[in-house]
Structure formats: C-alpha cells, structure tokens
Amino acid sequence: MSDQTLWTAVTLALLVVGVAPAVYLAARGSNVQRLIGLQLLSASGSLVLVGLSAIVNQSSYLIVPLVLAVLGATGTLVYTRLLTPRIDAEDER
C-alpha cells in the first residue's frame, strides 16, 4: 500500500467518523450539543485538511488547518460566553 493510499483511507475515515457526527450535532439538539458539535467539527476538519495536504504533498496547505485550529478554540470560548445566560436560564426551568 502506497503512502498516498494510506493518507486517503485515513482522511476518508475521518470524514465519516468525525465530520458526519459533528455536522449532525451542530445541526440538531440543545445549545450545548450544538457547541460540542462545532468544537468536534473544528477538530475533525483540521485533521481532514492535514490529511488532504499530505495526499497532494503540499506542505504550504498546512497553514489553513493551523488557522482553523486556533480560530476553532477561540470561537468555542466566544460561543460559550454568549450562551452562558441561556444555559443558566435553561437550568432554572
């Protein structure tokens, strides 16, 4: 098995196992479940982009997943801050 075939199989597995459930979580559920789905999508998307850059053998494509990882973590903190009053309101019910 060649190196490119291995990276293709790993990237496809990440798409099926990581990205598909993350999109489902981000599309449905409570506010907390959507936030978890977005965080999972950010992490899985970064790994898929790393795999795609390895498939095409272009190291310059690694900039995009690096920026996505930083922005994904920052976005999670922002969404958590914005959702905190709503989460507290749901707990009081």
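A short tour of the structure in this document, coming up. What you see is a predicted model; the values in this text were computed from it and never measured.

1. With respect to unusual backbone geometry
Alright, step 1. Even without glycine at this site, Asn 57 takes up a positive phi of about 60 degrees.
Alright, step 2. Relative to the helices and strands, Asn 57 is located in the loop between helix H2 (31–56) and helix H3 (63–92).
Alright, step 3. The exposed category is assigned to Asn 57, whose relative accessible area is 66%.

2. Concerning a nonpolar patch on the surface
Alright, step 1. Residues Met 1, Leu 6, Trp 7, Val 10, Val 50 and Leu 62 make up a contiguous nonpolar surface patch of about 560 Å² in total accessible area.
Alright, step 2. By residue number, the principal contributor to the nonpolar patch is helix H1 (residues 3–27), which donates three residues.
Alright, step 3. Structurally, the position occupied by Val 50 is in helix H2.
Alright, step 4. Taking the relative accessible area as the measure of exposure, Val 50 reaches 31% and is therefore partly exposed.

3. Quick notes on H2
Alright, step 1. Helix length check: H2 (26 residues) gives 37 Å between terminal C-alpha atoms against 38 Å at 1.5 Å per residue, within 8%.
Alright, step 2. Among the residues making up H2, those that are buried are Asn 31, Leu 35, Gly 37, Ser 42, Ser 44, Gly 45, Ser 46, Val 48, Gly 51, Ser 53 and Ile 55.
Alright, step 3. Just downstream of H2 lies Asn 57, where phi reads positive at about 60 degrees.

Definitions and cut-offs
Residues numbered from 1 in each chain as written. Predicted model: local features only at pLDDT ≥ 70, side-chain atom pairs only at ≥ 80, totals over all residues. Heavy atoms only, no water. Helix = DSSP H or I, 4+ residues; strand = E, 2+ residues; numbered from the N terminus. Buried < 20%, exposed > 50% of the residue type's maximum accessible area, 1.4 Å probe, protein only. Patch = residues over 30% accessible without salt bridge, like charges linked within 9 Å, V, L, I, M, F, W, Y side chains within 5 Å. Areas by Shrake-Rupley, 256 points an atom, 1.4 Å probe, with all protein chains shown as cover. Salt bridge = Lys/Arg side-chain N within 4 Å of Asp/Glu carboxyl O. Expected span 1.5 Å × (residues − 1).

All we've got here are geometric facts, nothing functional implied.
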